[in-house]
Amino acid sequence: MERRKKRKLIEAGAFLIVRSAALVIVLSLAVVVGFILFHGASAVNWTFLTQPPREAMTAGGIFPAILGTLYLTAGAILVAFPAGVASAVYLSEYAREGRLVRIVRLAINNLAGVPSVVFGLFGLALFVVFFKFGSSILSGSLTLGLLILPVIIGASEEALKAVPRTYREASLALGATRWQMIHRVVLPAAFPGILTATILGIGRAAGETAPIMFTAAAFYTARLPTSIFDEVMALPYHIYVLATAGTHIEQTRPLQYATALVLIALVLAVNLVAILLRARMRRRRMS
Amino acid sequence: MSTSAKMETRNMSFYYGESKALENISIAFQACRVTSLIGPSGCGKSTFLRTLNRMNDIIAGTRVEGEVLLDGRSIYDADVDVVDIRRRVGMVFQKPNPFPKTIFNDVAYGLRIRGLRNRTELYDRVEASLKAAAIWDEVKDRLNESALGLSGGQQQRVCIARALAVEPEVLLMDEPASALDPIATQKIEELIRALRDRYTIIIVTHNMQQAARISDETAFLYMGKLVEVGKTDMIFTKPSCRRTEDYITGRFG
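Residues numbered from 1 in each chain as written. Chains lettered and ligands numbered in written order. Predicted model: local features only at pLDDT ≥ 70, side-chain atom pairs only at ≥ 80, totals over all residues. Heavy atoms only, no water.

S.K.: Looking at this structure, I do not really get the sheet that holds strand S6 (residues 89–92) of chain B. What am I missing?
M.R.: Two orientations exist for strands paired in a sheet by backbone hydrogen bonds: parallel and antiparallel. Residues and elements named next belong to chain B. Here we have 6 strands laid out as an open sheet, ordered S6-S7-S8-S3-S9-S10, and mixed in their pairing. Edge positions in the sheet fall to S6 and strand S10 (225–231), since each of these pairs with one other strand and no more. On average, adjacent strands in this sheet sit at an angle of 20 degrees to one another, irrespective of strand direction. Pairing analysis gives 6 bridges linking strand S9 (residues 217–222) to S10, with the strands arranged antiparallel. Looking at the pairing, Phe 220 lines up with Glu 228 of S10. The strands that helix H6 (residues 152–165) touches are S6 and strand S7 (170–174); relative to S6, the one it contacts most, it runs at about 170 degrees. (Pairing = 2+ DSSP bridges. Helix = DSSP H or I, 4+ residues; strand = E, 2+ residues; numbered from the N terminus. Axes fitted to C-alpha atoms, helices over the stretch in contact; angles between N-to-C directions. Contact = heavy atoms within 4.5 Å.)

Below, the structure written as structure tokens:
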């Protein structure tokens, strides 16, 4: 009788602990979002979203930064998506385990572990200085693209590996070449997963500050970019600037939170579109 | 061993790495006949079948010794294109494996990868293949739906249609009915009998009655070796080896 009681107690205790751990995650997110909403929501209005900053960035809007972040993120995806998916296809479909593959994997894992500020310095040295792209959308996109490359490769490879072997065998048995199998059967089947990888990449690219600090982001420019060689403002860098480098840090607190709110909303919106797209694709495949 | 064999192996051995899975198998398959491969689990039936369209090539560390001939030409020669072989030697798998595509696109897949683009011709050949696989009436109104919504037996017949669409000369079937219920199995068996006129069919089966019902010839494999091959009624009534008799009478396996 005593043992049974003890067993039940342990069972209940373990369950309580794991459930609490899961709840803490939800709670953390809720607190972060709630905090930002509470402090920033009141400052978000139409002017804020559509106007450039005014009066030494203590008033006005953040439109150039929104646009800049959109450009940089799109550029990063443009760089990392093709390269990442192609690498994942190579690793998952073509390469046989050997020295070369081990080296490639090691490189990817290490790339994933490099601090983002190092990417910033690297981008500065290579794209800004060596290739003379200057501080520009191009340099920033390339740097961010490198940063999210491991994310896209890793998740795409998982997606490719999850494609059932039976699809591949059926395809090859019908006389498909390896490439026909890959682009007609394997890639379409893995696409929802690859899209998830891209979503992760977008979130990461949109939010990073350090990689664009030296390669793309302008402290302040009311002028909108007209080419990929122009500098842009960007949301995360704008937050950083307002919070640390301005002369009116306290005064611009609401603007900082409002900018953060816009950044989060932007990332969530992009994610939402991608998730809806993925759900639609899955539905169509199953019907 | 006749010279008119459609497909033939000569002293063929097969290795997974160091371990020998098939030993010295010599067997000939006549055109437009059904041959059953029977034997206990793990005897190498499926491995053998997959050497005939080089599906084992995709497994790293495998090796074939001896010869596998299609119309008298070795399919493992260096100058032979494996894609070509698989186009002539089709395969149906144990578990129905339709693609996550519509039924039409599924069956048209093999034609499209051969470069057939003409919509009318594609449609005609898909229809003919589905009819040949005795599934047309059941799917003709849902060609634009996924095959995954069909029953297992229907899926398998779609897979057979897909294999037939590219007009192979030889059709390999790896326990095509083992995942199906008795009624679906019966339909597949009827289909195999109907296909015999046009294709050389080699079928792996666990089911002895099935082998007896559908095949002209039967080969008994045991532990990677070919024990006996002959006319199906001979194998089932007067096997010449003790082991074959033990297996078909259910004393082991």
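So much for the structure itself; the text now carries on.
S.K.: Sorry if this is basic, but what is going on with the interface of chain B and chain A here?
M.R.: Where interface size is given, it is often the accessible area lost as the parts come together that is meant. Listed by partner, the interface residues are 29 residues for chain B and 21 residues for chain A. Among the residues of chain B in contact with chain A, Pro 100, Tyr 109 and Ile 113 of chain B are the three that bury the most area, contributing 26% of the side total. Counting across the interface, chain B meets chain A through 1 salt bridge. The residue Glu 169 of chain A makes a salt bridge to Arg 50 of chain B at a minimum N-O spacing of 2.9 Å. Counting across the interface, chain B meets chain A through 7 residue pairs in polar contact (both at pLDDT 80 or more). (Buried area = accessible area lost by both parts, 1.4 Å probe. Salt bridge = Lys/Arg side-chain N within 4 Å of Asp/Glu carboxyl O. Polar contact = N/O pair within 3.5 Å; in protein donor to acceptor, adjacent residues only side chain to side chain.)

S.K.: What am I meant to see in the side chain of Ser 36 of chain B here?
M.R.: Mapping Ser 36 of chain B onto the fold places it in strand S3 (residues 34–38). Side-chain polar atoms of Ser 36 of chain B contact the side chain of Ser 215 of chain B, separated by 3.0 Å.

S.K.: What's the story with the packing of aromatic side chains in this structure? I'm lost.
M.R.: Geometrically, a pair of aromatic rings is defined through the distance of the ring centres and the angle of the planes. Across all of its chains, the model carries 14 aromatic pairs over all chains by this definition. Here the aromatic rings of Phe 130 of chain A and Phe 131 of chain A are separated by 5.4 Å at their centres, their planes lie at 70 degrees, and the arrangement is edge-to-face. For Phe 131 of chain A, a relative accessible area of 41% puts it in the partly exposed group. Relative to Tyr 247 of chain B, the ring of Phe 220 of chain B lies with its centre 5.0 Å away and its plane at 25 degrees, an arrangement referred to as stacked. In this pair, Phe 220 of chain B sits in strand S9 while Tyr 247 of chain B sits in helix H10 (residues 242–248), placing the two residues 27 residues apart along the sequence. Pair check on accessibility: Phe 220 of chain B and Tyr 247 of chain B agree, each one buried. Three or more aromatic residues link up through ring pairs in this structure, and these residues are Phe 122, Phe 127, Phe 130, Phe 131, Phe 133 and Phe 229 of chain A. Over the ring of Phe 99 of chain B we find Arg 162 of chain B; its NZ or CZ atom is 4.5 Å from the centre of that ring. (Phe/Tyr/Trp six-rings, centres within 6.5 Å; stacked < 30°, edge-to-face > 60°. Buried < 20%, exposed > 50% of the residue type's maximum accessible area, 1.4 Å probe, protein only. Lys NZ or Arg CZ within 6 Å of the ring centre and 35° of its normal.)

S.K.: Could you clarify how one ought to interpret the packing of helix H4 (residues 99–113) of chain A against helix H6 (residues 137–161) of chain A in this entry?
M.R.: A pair of packed helices can be characterised by two numbers: the angle between their axes and the separation between those axes. All names here are of chain A. Packing of H4 against H6 brings their axes to within 8 Å, and their N-to-C directions diverge by 125 degrees. Taken together, H4 and H6 sit at an angle that is classed as oblique. Where H4 crosses over H6, the two elements pack in a sense that is left-handed. Within the contact between the two elements, H4 uses Arg 105, Ile 108, Leu 111 and Ala 112 and H6 uses Leu 146, Pro 150, Ile 153 and Glu 157. (Parallel < 35°, antiparallel > 145°, perpendicular 65-115°, else oblique. Left-handed = near helix turned anticlockwise from the far one by under 90°.)

S.K.: Explain the pattern of salt bridges to me, please; I cannot follow it from the model alone.
M.R.: As a working rule, side chains carrying opposite charge can pair if their charged atoms are close by. Residue and element names in this part refer to chain B. What the rule picks out here adds up to 26 salt bridges over all chains. Residue Lys 140 is joined to Asp 137 by a salt bridge in which the shortest nitrogen-to-oxygen separation is 3.6 Å. Of the residues examined, Asp 137 reaches a relative accessible area of 59% and is grouped as exposed. For the salt bridge of Arg 242 with Asp 246, the shortest nitrogen-to-oxygen distance reads 3.4 Å. Placement of both Arg 242 and Asp 246 in helix H10 is noted, with a separation of 4 residues, approximately one turn of the helix. The exposure class of Arg 242 is exposed, given its relative accessible area of 58%. The structure contains a network of salt bridges with shared partners spanning Lys 6, Asp 71, Arg 88 and Glu 169.

S.K.: Would you mind going over the sheet that holds strand S2 (residues 19–30) of chain B with me for this structure?
M.R.: All names here are of chain B. The 4 strands are arranged S2-S1-S4-S5 in an open sheet whose pairing can be described as antiparallel. Each end of this open sheet is capped by a strand with a single partner; those strands are S2 and strand S5 (73–74). Relative to S2, strand S1 (residues 5–16) is paired through 8 bridges, and the arrangement is antiparallel. Bridging across to S2, Tyr 16 finds its partner in Ser 19.

S.K.: So what exactly am I meant to see when it comes to the environment of Leu 52 of chain B here?
M.R.: All names here are of chain B. Note on placement: Leu 52 falls in the loop between helix H1 (45–51) and strand S4 (62–70). Judged by relative accessible area, which is 0%, Leu 52 ranks as buried. Leu 52 sits 119 residues away from Leu 171 along the chain, and the two C-alpha atoms are 10.0 Å apart. If near-sequence neighbours (up to four positions away) are discounted, Leu 52 is found in contact with Met 7, Thr 9, Phe 29, Val 68, Ile 75, Ile 85, Val 89, Leu 172 and Ile 202.

S.K.: Looking at this structure, how should I read a nonpolar patch on the surface?
M.R.: A grouping of Leu 29, Val 32, Val 33 and Leu 37 of chain A is seen on the molecular surface, where their side chains present a nonpolar patch of about 330 Å² in accessible area. Inspection of the secondary structure puts Val 33 of chain A in helix H1 (residues 2–40). (Patch = residues over 30% accessible without salt bridge, like charges linked within 9 Å, V, L, I, M, F, W, Y side chains within 5 Å. Areas by Shrake-Rupley, 256 points an atom, 1.4 Å probe, with all protein chains shown as cover.)

S.K.: Sorry, what's going on with the state of the cysteines here?
M.R.: Such a bond, covalent and formed between the sulfur atoms of two cysteines, is termed a disulfide. Residues and elements named next belong to chain B. Under the definition given, this model contains 0 disulfides over all chains. Of all cysteine sulfurs in the structure, the one in Cys 241 sits closest to Cys 43, which takes part in no disulfide; the separation is 14 Å. A residue is classified by how much of its surface remains accessible, and Cys 43, at 2% relative accessible area, is buried. (Disulfide = S-S within 2.5 Å.)

S.K.: Would you explain the domain arrangement of chain A in this entry?
M.R.: All names here are of chain A. Domain boundaries in chain A define domain 1 (2–43) and domain 2 (46–286). Between domain 1 and domain 2, the C-alpha centre-to-centre distance is 31 Å. Taken together, the 7 residues of domain 1 in the interface contact 7 residues of domain 2. Between domain 1 and domain 2, the buried area comes to about 670 Å², and carbon and sulfur atoms account for 84% of it. Among the residues domain 1 hides against domain 2, the three largest losses belong to Ile 36, His 39 and Ala 43. Together they make up 64% of the total. (Domains from an automatic or database assignment.)

S.K.: Would you take a moment to explain the packing of helix H4 (residues 119–132) of chain B against H6 of chain B for this structure?
M.R.: Residue and element names in this part refer to chain B. Between H4 and H6, the shortest axis-to-axis distance is 8 Å and the interhelical angle comes to 125 degrees. In terms of orientation, H4 lies oblique with respect to H6. Here H4 and H6 pass one another in a crossing that is right-handed. Residue-level inspection shows Arg 125, Ser 129, Leu 130 and Ala 132 of H4 in contact with H6, the latter providing Ala 161, Leu 164 and Ala 165. Tallied by class, residues from the contact of H4 with H6 come to 5 nonpolar, 1 polar and 1 charged. (Nonpolar A, V, L, I, M, F, W, Y, C, P; charged D, E, K, R; others polar.)

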